[in-house]
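Structural overview
Each chain is listed here by its residues.
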Amino acid sequence: MSIFYDDGVIKRLHLELSNACNSKCPLCPRTGTPVVGNSGIKNLTLDDIKKINFKNLEFMLLCGNFGDPMLCPEIYEICDYIIEKGVDISIKTNGGMYDKKFWYDFGKLLSKKSHYCDSKITFDIDGLEDTNHIYRVGTDFNKIKENVQSFIDGGGHAVWQYMIFKHNEHQVQEAGDMAMQMGFKKFEIKKPSDRGRYKKEKYKHLIKDIELKYTEKVFDIEGNEYDFNKWVHTKQKTPVACKGSTQKELFISCEGDVFPCCWWGTAYMESKYDNNENMISTLTNFDNNIRTNSWDNIVEQYYLKRDEMKTLFKYGCVRECNKQCGNKRKSETYRKIILFDRYQSTV
């Protein structure tokens with residue numbers, strides 16, 4: 001098994017451009033924890049991105065752990081730079097910020113062809129006018145709809161990802177029809193993660209208005225019927241399969257720290273700003289920040305740690321790795337139901 005970049009080649013990056021957000025989603029790690037309040041608002045800059053060695057890079061995911069990447073002050077300039085380098089971009093956002101002109105221009109920008117395929121934005125819209133705000137707290141569905149339409153009209157490729165809850169399950173087909181009419185390339189349904197911290201009494205108030213139970217059934221693109229209640233957690237022991245090394249990916253936090261994956265980034269930020277104990281800081285016992293060390297040096301340090309990590313994985317020493325990618329994981333079927341997919345015929 002390939003662990004920690006055996007060939008030293010990085011093909012994918014996951015960038016957390018910002019920890020700012022215009023919403024307060026109950027299941028988000030920024031909600032109900034002091035991490036962002038203690039750290040303050042942080043953003044990556046265009047100068048930070050220019051320090052990355054783009055050799056061998058094919059794809060960049062702009063998402064993150066604690067914020068919405070579209071709220072990075074230099075989001076347009078950063079995307080323009082990445083696209084000019086011939087690298088595909090995939091962005092995840094709630095789409096509730098800025099005005100229609102911005103989104104039209106951004107659609108034109110992301111419609112530029114790169115070396116591989118098309119850049120896209122996945123809009124996380126979990127319902128319609130009367131339900132989306134229940135989970136996407138603080139957002140305006142009609143404003144989001146206008147923004148997305150402007151992005152599509154500008155030539156942007158849009159995907160609608162619909163997270164299923166009891167309060168919005170009855171609107172899946174209607175939302176799918178709306179997505180088709182608006183010109184979305186894809187409509188997919190995702191089950192929310194049943195995060196363990198919400199079983200604790202001090203966090204239960206955050207999810208008082210949402211239920212992780214389902215009664216409706218929907219049909220996917222091939223006419224298959226799905227029952228959401230069949231999507232359940234199953235205890236399943238599996239060996240650690242490092243996401244970062246498998247995908248030849250690294251994660252860069254909004255502070256410029258480089259980690260093998262976003263889960264390491266979350267664990268590190270929680271240890272730094274919320275006094276949570278973990279081994280992440282001891283495993284990155286070198287300068288892993290792109291603002292104070294060169295990109296090539298950071299990648300080399302992770303490459304040199306591959307044997308150490310193999311041993312730690314073998315004996316289950318890293319809690320975060322066991323939890324997310326290893327033998328202590330509660331494996332969940334994160335299947336996505338696809339109502340329609342225009343990419344099958346257009347890309």
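The present account deals with the structure reproduced in this document.

Reading the values: the criteria
- Residues numbered from 1 in each chain as written.
- Predicted model: local features only at pLDDT ≥ 70, side-chain atom pairs only at ≥ 80, totals over all residues.
- Heavy atoms only, no water.
- Core = buried A, V, L, I, M, F, W, Y, C linked by side-chain atoms within 4.5 Å.
- Buried < 20%, exposed > 50% of the residue type's maximum accessible area, 1.4 Å probe, protein only.
- Contact = heavy atoms within 4.5 Å.
- Phe/Tyr/Trp six-rings, centres within 6.5 Å; stacked < 30°, edge-to-face > 60°.
- Helix = DSSP H or I, 4+ residues; strand = E, 2+ residues; numbered from the N terminus.
- Lys NZ or Arg CZ within 6 Å of the ring centre and 35° of its normal.
- Lys, Arg positive; Asp, Glu negative; His and termini not counted.
- Salt bridge = Lys/Arg side-chain N within 4 Å of Asp/Glu carboxyl O.
- Polar contact = N/O pair within 3.5 Å; in protein donor to acceptor, adjacent residues only side chain to side chain.
- Expected span 1.5 Å × (residues − 1).
- Disulfide = S-S within 2.5 Å.
- Pairing = 2+ DSSP bridges.
- Patch = residues over 30% accessible without salt bridge, like charges linked within 9 Å, V, L, I, M, F, W, Y side chains within 5 Å.
- Areas by Shrake-Rupley, 256 points an atom, 1.4 Å probe, with all protein chains shown as cover.
- Charge placed at Lys NZ, Arg CZ, Asp CG, Glu CD.

Our focus in this paragraph is the nonpolar core. Counting 73 residues, the largest nonpolar core has Leu13, Leu15, Phe106, Trp160, Phe184 and Phe187 as the members making the most contacts within it. Setting aside anything within four residues of it in sequence, one finds Trp160 in contact with Phe123, Ile125, Gly127, Leu128, Phe141, Ala175, Met178, Ala179, Phe184, Lys186, Phe187 and Glu188. Counting residues in each nonpolar core, the second largest holds six residues, with Cys25, Leu27, Cys28 and Phe165 among its members.

Right, let's talk about the packing of aromatic side chains for a bit. One pass over the full model with this rule turns up 16 aromatic pairs. Taking 5.7 Å as the distance between ring centres and 70° as the angle between the ring planes, the aromatic pair formed by Phe123 and Phe151 counts as edge-to-face. Residue Phe123 is found in strand S4 (residues 120-124), and its partner Phe151 is found in helix H6 (residues 141-153); the two are separated by 28 residues along the sequence. Taking the centre distance of 5.4 Å and the plane angle of 50° together, the rings of Trp160 and Phe184 count as tilted. Placement of Trp160 in strand S5 (residues 158-163) and of Phe184 in the loop between helix H7 (172-182) and strand S6 (186-190) is noted, with a sequence separation of 24 residues between them. When its relative accessible area of 1% is taken as the criterion, Trp160 is described as buried. Assessed through its relative accessible area of 1%, Phe184 is described here as buried. An aromatic cluster of three or more residues is present, and its members are Tyr76, Tyr98, Phe102, Trp103, Phe106, Phe123, Phe151, Trp160, Tyr162, Phe184 and Phe187. Cation over ring: Lys85 sits above Phe54, and NZ or CZ is 5.7 Å from the ring centre.

Let us now look at the side chain of Glu16. When you line up the elements, Glu16 lands in the loop between strand S1 (12-15) and helix H1 (35-39). One buried charged residue, Glu16, remains without a salt bridge, the closest side chain of opposite sign being Arg30 at 8.0 Å. One polar contact links the side chain of Glu16 to the main-chain amide nitrogen of Asn65, over a distance of 3.0 Å. Side-chain polar atoms of Glu16 contact the backbone nitrogen of Phe66, separated by 3.0 Å. Ignoring sequence-local partners within four residues, the contact set of Glu16 consists of Leu44, Cys63, Gly64, Asn65, Phe66, Gly67, Phe251, Ile252, Ser253 and Cys254.

A few words on H6. Taking 1.5 Å of rise per residue, 13 residues should cover 18 Å, and H6 covers 18 Å from first to last C-alpha, within 8% of that figure. Of all the positions in H6, only Phe141, Ile144, Asn147, Val148, Ser150, Phe151 and Ile152 are classed as buried. Elements in contact with the buried residues of H6: helix H4 (100-110), S4, helix H5 (132-135), S5 and H7. Just downstream of H6 lies Gly155, where phi reads positive at about 105°.

Right, let's talk about the state of the cysteines for a bit. One way to say it: the disulfide is the covalent bond shared by the sulfur atoms of two cysteines. Inspection of every chain in the model, using the stated rule, returns zero disulfides. Cys25 takes part in no disulfide bond, and the closest cysteine sulfur to it belongs to Cys21, at a distance of 6.0 Å. Given a relative accessible area of 8%, Cys25 falls into the buried group. Looking at the unpaired Cys254, the closest cysteine sulfur is the one in Cys72, lying at 9.9 Å.

Between side chains of opposite charge, pairing is possible as soon as their charged atoms come close. In the structure shown here, the tally under the stated rule is eight salt bridges. With a closest N to O distance of 3.1 Å, Glu249 and Arg12 form a salt bridge. Of this pair, Glu249 sits in strand S10 (residues 249-252) while Arg12 is found in strand S1, placing the two residues 237 residues apart along the sequence. With relative accessibility at 27%, the residue Arg12 sits in the partly exposed group. A single network of salt bridges, built from pairs that share partners, joins Lys42, Glu255 and Lys272.

Positive phi values are uncommon outside glycine, yet Tyr98 reaches one of about 70°. Take Tyr98: it is sitting in the loop between strand S3 (88-93) and H4. On the accessibility criterion, Tyr98 (30% relative accessible area) is partly exposed.

The next point concerns the pairing of S1. Inspection of the sheet shows S1 paired to strand S2 (residues 59-62) by four bridges, in the parallel sense. By the bridge assignment for S2, His14 is matched with Leu61.

Right, let's talk about a negative patch on the surface for a bit. On the surface, a cluster of negative charge is contributed by Glu129, Asp130, Asp140, Glu146, Glu174 and Asp177. On the secondary structure map, Asp177 appears in helix H7.

Shape descriptors only; they carry no functional weight alone.
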